[in-house]
Amino acid sequence: MTHRIVLVHAHPDDETLTCATTMAHHVAQGDEVHVVTCTLGEEGEVIPADLRHLEGHADDLLAPHRRGELSAALAALGAHGHLLGEDGLGARRYRDSGMAGSAAAARPEAFVNADLTEAGAALAGLLRDVRPDALVTYDPEGGYRHPDHIQAHRLTRAALDQLSDGDLPALTYEIRIPRTWADEDRAWTREADSAAYGLVVLGPGDPHPPSVVDDDEITHVVEDPSTRASKLAAMRAHATQVIVATDDLHALSNLIARRTTDREAFRQVDPRTWRPLRAAAKGDGPLRNLVG
């Protein structure tokens, strides 16, 4: 049986960095995966020197470039892409808001300033058309408190509020990371030769982002080593934003070493209240697919 999954993300590359394994895994099972991207990441920092002229350009030249990166990444993962304000998702495009307090965030077209009733109606329309079995987005703090990630969460909530009970997805998830994984992955970067690639390694006392939660709060995980090639291809497609140092090691523009894994985790929530629906029973593991 084919299932449909919709994921809502803030910028190009977010879909790959958080959910590439899950998307490729479900596509390989014959499921239909849709990615909604809310902005084109116009405020992103550019890593490669030969593309740095795109960063901060007055004509937003980074936007079409990142659109191309997103298309290539989704093709590698087998997912369908939708851009908020285009592709049948309303008539108003939104711009990357940058960080809180930035000049970009004050612009009227910044995503953080979107009318959520209007933008939510656009997303609700797509959800009625696609009728996903599962919907995925960030937790209320946006994973790491980026304003656009928080707004993507709010947008998703606004869209769900405009759906009738009969139109709601059967399953709704927020992206999470179990604390055991976060600790293991950080320890791995300290053992790996990260510094040889000019990367910064965080210590055991450095805080984790808000997306990290206790293991027993995780309800679903997807682990699939067979997705590694697709995930790496998608990561390499986002060349302005991601350094793929090795098949096991990557970094963003902050140069903090990150382990590349084949596992992703989620917490199921109530689509109306966003309360967690089920904690993993003691001695019981989380479920291994989002659907099916």
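Coordinates for the structure precede this section.
Described below are features of the structure shown in this document. (Residues numbered from 1 in each chain as written. Predicted model: local features only at pLDDT ≥ 70, side-chain atom pairs only at ≥ 80, totals over all residues. Heavy atoms only, no water.)

### Here we look at the nonpolar core
- Counting residues in each nonpolar core, the largest one holds 50 residues, and the members touching the most others are Val8, Leu123 and Val136.
- The biggest single contributor to this core is helix H4 (residues 116–130), with seven residues.
- The residues touching Val136, leaving out its near neighbours within four places in the chain, are Ile5, Val6, Leu7, Val8, Cys19, Tyr173, Ile175, Phe266 and Leu290.
- With five residues, the next largest nonpolar core counts Trp181, Val213, Ile218 and Val221 among its residues. (Core = buried A, V, L, I, M, F, W, Y, C linked by side-chain atoms within 4.5 Å. Buried < 20%, exposed > 50% of the residue type's maximum accessible area, 1.4 Å probe, protein only. Helix = DSSP H or I, 4+ residues; strand = E, 2+ residues; numbered from the N terminus. Contact = heavy atoms within 4.5 Å.)

### Observations regarding the pattern of salt bridges
- Scanning the model with the defined rule gives 25 salt bridges in all.
- Between Arg95 and Glu43 there is a salt bridge; the shortest N-O distance is 2.8 Å. Placement of the pair is Arg95 in the loop between strand S3 (80–83) and helix H3 (103–106) and Glu43 in the loop between strand S2 (32–37) and helix H2 (62–77), with a sequence separation of 52 residues.
- In this structure, the salt-bridge partner of Asp248 is Arg228, at a minimum N-O distance of 3.0 Å. With a gap of 20 residues between them, Asp248 in the loop between strand S8 (243–246) and strand S9 (249–251) and Arg228 in helix H7 (residues 228–237) connect regions that are remote in the sequence. (Salt bridge = Lys/Arg side-chain N within 4 Å of Asp/Glu carboxyl O.)

### Some points on the sheet that holds strand S10 (residues 258–259)
- Read from one edge to the other, the open sheet built from three strands follows the order S8-S9-S10, with strand pairing classed as antiparallel. Looking at strand neighbours, the two that pair on one side only are S8 and S10, the edges of this open sheet.
- As paired strands, S8 and S9 are joined by three bridges and run antiparallel to one another. Note that in S9 the partner of Ile243 across the bridge is Ala251. (Pairing = 2+ DSSP bridges.)

### Some details on helix H1 (residues 14–28)
- The end-to-end C-alpha distance of H1 is 21 Å, a good match for the 21 Å that 15 residues give at a rise of 1.5 Å each.
- When the local axis directions of H1 are compared, the greatest deviation, roughly 75°, occurs at Ala20.
- Counting buried positions along H1 gives eleven out of 15 residues, so the element sits mostly inside the fold.
- Along H1, the residues that are buried comprise Asp14, Glu15, Thr16, Cys19, Ala20, Thr21, Thr22, Met23, Ala24, His25 and His26.
- Phi for Gly30, located one or two positions after H1, is positive at around 95°. (Expected span 1.5 Å × (residues − 1). Bend = angle between axes of the 7 residues up to and from the residue.)

### Thoughts on the packing of H1 against H7
- The contact between H1 and H7 brings their axes to 9 Å, and the two run at 145°. For the element pair H1 and H7, the recorded crossing hand is right-handed. In this structure, H1 contributes Thr16, Ala20, Thr21 and Ala24 to the contact, and H7 contributes Ser230, Lys231, Ala234 and Met235.
- Classifying every residue of the contact of H1 with H7 by side-chain character gives four nonpolar, three polar and one charged. (Axes fitted to C-alpha atoms, helices over the stretch in contact; angles between N-to-C directions. Left-handed = near helix turned anticlockwise from the far one by under 90°. Nonpolar A, V, L, I, M, F, W, Y, C, P; charged D, E, K, R; others polar.)

### A look at the side chain of Ser211
- Mapped onto the elements of the fold, Ser211 is located in the loop between helix H6 (179–191) and strand S6 (212–213).
- Owing to a relative accessible area of 8%, Ser211 belongs among the buried residues under this scheme.
- Those residues within four positions of Ser211 in sequence are excluded, and the remaining contacts are Asp139, Gly143, Ile175, Arg176 and Ile177.

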